[in-house]
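Analysis of the macromolecular model
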Amino acid sequence: MRVFIGIKLDNNAIKIINNYYKFLYQEKVVGNFTDLDNLHLTLAFLGEINIDKLEEAIDIVKNVKTEVEHITITKLTRLKDMLIGEVICDNKLQTLHDELVSKLNKIGFNLSNDYYPHITLIRKVNGLDKIKIIDSKIEINSIVNKLTVFESTRINGVLKYIPKN
C-alpha cells in the first residue's frame with residue numbers, strides 16, 4: 001500500500017481553499033484539483049509498504065509528541081506543474097519533520113531530511129503562468145489536531161487518502 005504521514009487541514013482552512021477553488025474555476029484554470037477531503041500537509045512520504053511497516057509507522061506516530069499547534073499557508077505558488085500553498089516552516093514544524101524522519105529511518109526507511117512544506121492544490125495545471133493569484137501573499141491557518149498515517153488509494157477511480165491510525 002502507498003502511505004504517507006501528514007496533517008489534515010481543519011474545516012476552516014478547507015472552506016477558505018474552496019473559495020480559492022471557486023475563483024480558479026471562474027478563471028477557467030484547468031488541472032487536477034485536489035479533492036477538499038484530501039487536503040493535507042505531508043510530513044513524510046513512505047511509499048509502497050507492507051502491513052508490518054505500516055504498523056511500525058503507526059507506532060512511531062503515536063509516540064511522537066508535537067509542539068506544532070497550527071500551520072500557516074502564506075502564498076499560492078508554483079512547484080513544477082502544480083499550484084501549491086506554501087507553508088511556513090518554523091522551528092516546531094522542522095523539528096517534527098526531522099524527528100519523524102529520524103525515527104522512520106531507524107526502522108529501515110531511507111527518507112531525506114530535505115523538507116519543503118506545502119499543500120498541493122492542483123496538479124498538472126494548464127496555463128500556470130496565467131493564474132492571477134500566483135505568489136500573492138495570503139494567510140490561511142489550520143489547527144493541528146493530530147498526525148495521521150494515510151493510505152493513498154483509488155476507490156472507483158477516485159483518489160482517496162484513508163487514515164490508518
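First, a word on what this report is: a plain description of the structure on this page. Numbers given for residues are sequential positions, taken from 1 along each chain in its written order. For this predicted model, a pLDDT threshold of at least 70 governs which residues receive local features, and a threshold of 80 or more governs which side-chain atom pairs are given and counted, while totals over whole chains, interfaces and linings are taken from all residues. Based on all heavy atoms of the structure, the side-chain values leave hydrogens and waters out of the count.

Quick look at the sheet that holds strand β2 (residues 30–33)
- By this definition, two strands are paired if DSSP reports at least two bridges between them. Going along the chain from the N terminus, every DSSP run of H or I of four or more residues is numbered as a helix, and every run of E of two or more is numbered as a strand. Sheet architecture is open: five strands sit in the order β2-β6-β5-β4-β7, paired in antiparallel fashion. Two strands lie at the open edges of the sheet, namely β2 and β7 (137–143), each paired on one side alone. With strand direction ignored, the average angle separating the axes of adjacent strands in the sheet is 30°.
- Here strand β5 (residues 82–87) pairs with strand β6 (residues 118–126) via four bridges, running antiparallel. In the strand pairing of β6, Gly 85 is matched with Ile 119.
- We call two residues in contact when some of their heavy atoms are within 4.5 Å. Axis geometry follows a simple rule: fit a line to the C-alpha atoms, using only the stretch in contact for helices, then measure angles between N-to-C directions, giving values from 0 to 180 degrees. Sitting on the sheet, helix α1 (residues 11–26) touches β2, β4 (70–79), β5, β6 and β7, and the angle it makes with β7 is about 145°.

Quick notes on the packing of aromatic side chains
- A pair of aromatic rings is counted whenever rings of Phe, Tyr or Trp (Trp by its six-membered ring) have centres within 6.5 Å, and the orientation is called stacked for planes under 30 degrees apart, edge-to-face for over 60 and tilted otherwise. Overall, the coordinates contain five aromatic pairs when judged by the stated rule.
- Centre to centre, the rings of Phe 4 and Phe 150 are 5.0 Å apart; their planes meet at 20°, and the pair counts as stacked. On the criterion of sequence distance, the pair formed by Phe 4 in strand β1 (residues 2–8) and Phe 150 in strand β8 (residues 148–155) is long-range, its members being 146 residues apart. Assigned by exposure class, Phe 4 and Phe 150 land together as buried.
- Members of the aromatic cluster, each reached through a chain of ring pairs, are Phe 4, Phe 150 and Tyr 161.
- In this structure, Lys 53 packs its charged tip against the face of Phe 109, placed 5.6 Å from the ring centre. We call a residue buried when its accessible area falls under 20% of the maximum for its residue type, exposed when it is over 50%, and partly exposed in between, using a 1.4 Å probe and counting protein chains only. As a reminder, the over-ring test applies to NZ of lysine and CZ of arginine, requiring each to be within 6 Å of the ring centre and within 35 degrees of the ring normal.

It is worth stressing that arrangement in space is one thing and function is another; only the former is reported here.
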